[in-house]
Amino acid sequence: MKDYVGGAATIICVLSFTPQVYRVIKTNSTRDISLESLLLMMLMSTLWIWYGILQMDWAVILTDVGVAIQNIIILTYKIKHVLEENDPEVE
């Protein structure tokens, strides 16, 4: 039962970030996304992955690898937009 709950939580958590990634790619805009928030989420995912490895908990590891990959995609777009000054942090 534990594995089913962990698997369901993994799928739902990763899918919860998918609409945001899709929207960023489709609109090519990250104006309303905080760079600081993205960096904190990356730190959070890194720590959860580390914790999952220490506990050998595959649900935690896979969830946060999926979340980290999606946040890397958004972060890449955000950095690109900030560097191009098409999506400034402060108006």
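First, a word on what this report is: a plain description of the structure on this page. (Residues numbered from 1 in each chain as written. Predicted model: local features only at pLDDT ≥ 70, side-chain atom pairs only at ≥ 80, totals over all residues. Heavy atoms only, no water.)

Let us look at unusual backbone geometry. Although it is not a glycine, Asn28 adopts a positive phi angle of roughly 55°. Relative to the helices and strands, Asn28 is located in the loop between α1 (2–27) and α2 (35–55). For Asn28, a relative accessible area of 38% translates into the label partly exposed. Phi angles above zero are rare outside glycine, and Met56 is one such case at about 55°. Along the chain, the position of Met56 falls in the loop between α2 and α3 (58–84). (Helix = DSSP H or I, 4+ residues; strand = E, 2+ residues; numbered from the N terminus. Buried < 20%, exposed > 50% of the residue type's maximum accessible area, 1.4 Å probe, protein only.)

So, about the side chain of His81. Within the secondary structure, His81 is located in helix α3. For His81, a relative accessible area of 2% translates into the label buried. A polar side-chain atom of His81 sits 3.1 Å from a polar atom in the side chain of Asn28. (Polar contact = N/O pair within 3.5 Å; in protein donor to acceptor, adjacent residues only side chain to side chain.)

Bringing the environment of Gln70 into the picture now. Structurally, the position occupied by Gln70 is in helix α3. On the basis of relative accessible area, Gln70 is assigned to the buried category, the value being 9%. Taking the C-alpha atoms as reference, Gln70 lies 20 Å from Leu83; in sequence the two are 13 residues apart. When residues no more than four places from it in sequence are discounted, the contact partners of Gln70 are Val14, Phe17, Thr18 and Val21. A polar contact is formed between the side chain of Gln70 and the backbone oxygen of Val14, at a distance of 2.9 Å. Among the polar contacts made by the side chain of Gln70, one reaches the main-chain amide nitrogen of Thr18 at a distance of 3.1 Å. (Contact = heavy atoms within 4.5 Å.)

Right, let's get into the nonpolar core. Formed by Val21, Val24, Ile33, Leu38, Met42, Ala68, Ile74 and Leu75, the largest nonpolar core amounts to eight residues. For this core, the element with the highest residue contribution is α3, accounting for three residues. (Core = buried A, V, L, I, M, F, W, Y, C linked by side-chain atoms within 4.5 Å.)

For the rest of this paragraph, the subject is the packing of α1 against α3. The geometry of α1 relative to α3 is characterised by a closest axis approach of 9 Å and an angle of 5° between their N-to-C directions. Classified by the angle between their axes, α1 and α3 sit roughly parallel to one another. Listed contacts from α3 to Gly6, Thr10, Cys13, Val14, Phe17, Thr18, Gln20, Val21, Val24 and Ile25 of α1 are Ala59, Leu62, Thr63, Gly66, Val67, Gln70, Asn71, Ile73, Ile74 and Tyr77. In the contact of α1 with α3, the residues fall into twelve nonpolar, eight polar and no charged. (Axes fitted to C-alpha atoms, helices over the stretch in contact; angles between N-to-C directions. Parallel < 35°, antiparallel > 145°, perpendicular 65-115°, else oblique. Nonpolar A, V, L, I, M, F, W, Y, C, P; charged D, E, K, R; others polar.)

A few words now on the packing of α2 against α3. Look at α2 against α3: their axes get within 9 Å of each other, and the N-to-C directions meet at 155°. With respect to α3, the axis of α2 lies roughly antiparallel. The element α2 and its partner α3 pack so that their crossing is left-handed. Across the interface between the two elements, Leu35, Leu38, Leu39, Met41, Met42, Ser45, Trp48, Ile49, Tyr51, Gly52 and Ile53 from α2 touch Val60, Ile61, Asp64, Val65, Val67, Ala68, Asn71, Ile72, Ile74, Leu75 and Lys78 from α3. (Left-handed = near helix turned anticlockwise from the far one by under 90°.)

Purely geometric stuff here, so don't read any function into it on its own.
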